[in-house]
Amino acid sequence: LQKRLSQLHCMEREDVRTMCGWVITKPKDLPESEERRFFRLCYDFLAQRYGERNVVAAEVHKDESGEAHLHFYFVPVAQYTPSQHMVNVVRYFEEHPHEANISKVARELGTSRKTVLRYRNKTASDIPDGKVCAYEVLNRKELLSFHGDLKLWLLSAASSRRPWANKTASKSERSCFPWKIVCFA
């Protein structure tokens, strides 16, 4: 978790949610023989949706009542546009690594000396490739579309002999997909 957070832009505030999670419970009518494949498909869906690099942990276990469920934890990474000043200073010092005149660099880049000093020791790898923001990743649209998208993923990945892929069954006979969301810091 800390390694991935070091690669991202993350606000230094107490209320920033650095990890989120989904809990997906196995449908009651799913045979034990299909359990492993069901959770593997769920994992693949979640890893693709939130990014394999952002996966912190995924574990399947049974609760006290014997129900199997998947705990999937990830870093909520949203798109991030780095400061153009930072990008310009980093690029300048990559092209001119021995430049020592900060005032000259600031004039050429049209920025302040303070900005040049702040970013002069940074490299391209120091420019974050995203930002940590649970508010943007788990927004209302995401929460409303998640269940339907997972169900479509499972239906498209499963063959007709799979219990959760019974497209011709009546609505009451189709597998029920119970799940809940967990979000924490």
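Going by the structure above, here's the rest.
Residues numbered from 1 in each chain as written. Predicted model: local features only at pLDDT ≥ 70, side-chain atom pairs only at ≥ 80, totals over all residues. Heavy atoms only, no water.

Turning our eyes to something else, we now look at the overall build of the chain. When helices and strands are counted, the chain shows seven helices and six strands. Listed N to C, the secondary structure of the chain is α-β-α-β-β-β-α-α-α-β-α-α-β in terms of helices and strands. Across the 185 residues that make up the chain, the buried fraction comes to 37%. Excluding contacts between residues fewer than 6 apart, the proportion of contacts in the chain whose partners are at least 24 apart in sequence is 70%. Counting every atom, the chain has about 11,600 Å² of accessible surface; 49% of that belongs to carbon and sulfur. (Helix = DSSP H or I, 4+ residues; strand = E, 2+ residues; numbered from the N terminus. Buried < 20%, exposed > 50% of the residue type's maximum accessible area, 1.4 Å probe, protein only. Contact = heavy atoms within 4.5 Å. Areas by Shrake-Rupley, 256 points an atom, 1.4 Å probe, with all protein chains shown as cover.)

Where a strand is regular, its side chains alternate between the two sheet faces. With six of seven residues buried, strand S3 (residues 68-74) lies mostly within the body of the structure. In terms of strand pairing, strand S1 (residues 19-25) meets S3 through six bridges, oriented antiparallel. From the neighbouring strand, isoleucine 24 faces S3, where its bridge partner is leucine 70. In this structure, strand S2 (residues 55-62) lies alongside S3, joined through seven bridges in antiparallel fashion. Among the inter-strand pairings, lysine 62 is bridged to a residue of S3, identified as alanine 68. Here S2 hands over to S3 after five residues, with glycine 66 in that stretch at a positive phi of 90°. (Pairing = 2+ DSSP bridges.)

Within the secondary structure, threonine 123 is located in the loop between helix H5 (113-119) and strand S5 (131-132). When sequence neighbours within four positions are dropped, the list of residues in contact with threonine 123 reads Val90 and Glu94. Of the polar contacts made by the side chain of threonine 123, one reaches the side chain of serine 125; its length is 2.8 Å. (Polar contact = N/O pair within 3.5 Å; in protein donor to acceptor, adjacent residues only side chain to side chain.)

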